[in-house]
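Read off the chains here:
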Amino acid sequence: MTTRKVELGAPSLTGKEAKTLVAQVFAEAKYPLKVQVTNLMPRDVSFPEVDGLFLRHCASDKGCQAVVLVDSHDKLQRLASSVVQIAELNRYPSALVIEEVPVAEQPKGKGTKAQTAAKDQG
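The structure presented is a predicted model; accordingly, all values stated were derived computationally and were not measured.

Enquirer: Help me understand the confidence of the model for the protein chain, please; the structure alone is not making it clear to me.
Expert: Do not read the fine detail of predicted coordinates wherever pLDDT is low. Chain-level statistics for the protein chain give a pLDDT mean of 88 and a share of 84% at 70 or above. Of all the helices and strands in the protein chain, helix α4 (residues 113-121) carries the lowest mean pLDDT, 50, while strand β6 (residues 96-100) carries the highest, 98.

Enquirer: Honestly, the pairing of strand β1 (residues 5-8) in this entry has me stumped. Any pointers?
Expert: Every regular strand shows the same layout, with side chains that alternate between the two sheet faces. Alternating positions in β1 separate cleanly, V6 and L8 being buried on one face and K5 and E7 remaining unburied on the opposite face. As defined by bridge partners, β1 adjoins β6 across 4 bridges and the pair is classed as antiparallel. Bridging across to β6, K5 finds its partner in E99.

Enquirer: For this particular structure, what's the right way to read the state of the cysteines?
Expert: Note on terminology: disulfide describes a covalent bond linking the sulfur atoms of two cysteines. Applying the stated criterion to the full structure yields 0 disulfides. Note on C58: no disulfide assigned, nearest cysteine sulfur contributed by C64 at a separation of 7.4 Å. Using a relative accessible area of 32% as the deciding quantity, one classes C58 as partly exposed. Under the relative-accessibility criterion, C64 is labelled buried at 15%.

Enquirer: How should the sheet that holds strand β2 (residues 33-39) be read in this particular structure?
Expert: Two strands in a sheet stick together by hydrogen bonds in their backbones, pointing the same way (parallel) or opposite ways (antiparallel). In space, the 4 strands of this open sheet follow the order β1-β6-β2-β5, with antiparallel pairing throughout. Looking along the sheet, the strands with just one partner apiece sit at the ends: β1 and β5 (65-70). Geometrically, the sheet is characterised by an average inter-axis angle of 20° between neighbouring strands, direction not taken into account. Where β2 lies against β6, 5 bridges are found, and the strand directions are antiparallel. Residue pairing across strands places N39 opposite L96, the latter belonging to β6.

Enquirer: Sorry if this is basic, but what is going on with the packing of helix α2 (residues 18-25) against helix α3 (residues 73-90) here?
Expert: When two helices pack together, you describe them by how their axes are tilted relative to each other and by the distance separating the axes. In the contact formed by α2 and α3, the axes pass within 9 Å of each other and the chain directions differ by 145°. You can see that α2 and α3 cross each other, and the crossing is right-handed. Each of A18, K19, V22 and A23 in α2 lies in contact with α3, whose residues at this interface are H73, L76, Q77, A80 and V84.

Enquirer: Help me understand the nonpolar core, please; the structure alone is not making it clear to me.
Expert: As a rule of thumb, nonpolar side chains are buried together in soluble globular proteins. Residues L8, F26, F47, L53, L79 and I98 are the most contacted members of the largest nonpolar core, which totals 30 residues. Among the secondary structure elements, those contributing two or more residues to this core are β1, α2, β2, β3 (45-47), β4 (53-55), β5, α3 and β6. For this core, the leading source of residues is α3, giving 6 residues.

Enquirer: I tried to follow the pattern of salt bridges on my own but got confused; where do I start?
Expert: Think of it this way: side chains of opposite charge can pair up when their charged atoms draw near. Within the structure shown, the criterion is met by 3 salt bridges. One salt bridge connects D44 with R56, and the closest N-O pair in it is separated by 3.2 Å. Residue D44 is located in the loop between β2 and β3, and its partner R56 is located in the loop between β4 and β5; the two are separated by 12 residues in the primary sequence. Judged by its relative accessible area of 38%, D44 falls in the partly exposed class.

Enquirer: Can you walk me through α3 in this structure?
Expert: Owing to its 3.6 residues per turn, the α-helix aligns residues three or four sequence positions apart on the same side. The end-to-end C-alpha distance of α3 is 26 Å, a good match for the 26 Å that 18 residues give at a rise of 1.5 Å each. Buried residues of α3: L76, Q77, L79, A80, S82, V83, V84 and A87, and no others. Phi turns positive one or two residues past the end of α3, at R91, with a value near 60°.

Rules used in this analysis
All residue numbers here refer to positions counted from 1 along the written sequence of the relevant chain. Whole-chain, interface and lining totals are the exception, using all residues; otherwise, since this is a predicted model, local features are given only for residues with pLDDT of at least 70 and side-chain atom pairs are given and counted only at 80 or more. Values reported for side chains reflect all heavy atoms of the structure, with hydrogen atoms and water molecules removed beforehand. How sure the predictor is of each residue is captured by pLDDT, a score from 0 to 100. Numbering of helices and strands runs from the N terminus; a helix is a DSSP stretch of H or I covering at least four residues, while a strand is a stretch of E covering at least two. Working definition: with a 1.4 Å probe on protein chains only, accessible area under 20% of the residue-type maximum means buried, over 50% means exposed, and in between means partly exposed. Whether two strands pair depends on DSSP finding at least two bridges between them. Here, the term disulfide refers to a pair of cysteine sulfur atoms separated by no more than 2.5 Å. A fitted line through C-alpha atoms serves as each axis, taken over the contacting stretch for helices, and the angle formed by two N-to-C directions is quoted from 0 to 180°. Crossings are assigned a handedness: left-handed for a near helix turned anticlockwise from the far helix by less than a right angle, right-handed for a clockwise turn. Residues are treated as being in contact if the distance between any of their heavy atoms lies within 4.5 Å. For this analysis, a nonpolar core means a set of buried residues of the types Ala, Val, Leu, Ile, Met, Phe, Trp, Tyr and Cys, connected via side-chain atoms within 4.5 Å. Definition used for salt bridges: Asp or Glu carboxyl oxygen within 4 Å of a side-chain nitrogen of Lys or Arg. Helix span, as expected, comes to 1.5 Å for every residue beyond the first.

Printed below as a string of structure tokens:
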């Protein structure tokens, strides 16, 4: 299975629209979808579109990556929209990477989104 991965940045610098890019890459994804999100920006960021998604500065030793569950394609699109708005305002050609976690790496036990994210970060 090929993992889905998208790198988001300022559309004026990359020439790529986030909505189209995310729609193409994650078109066949099944939700809820477990993804690893990596901050490439030189700032801490928080995205309320996804429960528990707070990322540290890209140069931080810990916390610049998080594994979270995304409930729906709509929420993934809203997350991408927020990211590119920040990237555009700050002129970041690379802001964030969203990569699907392969099914083999996903835990089989049930838990809340926050518990699952905490286990993956710990």
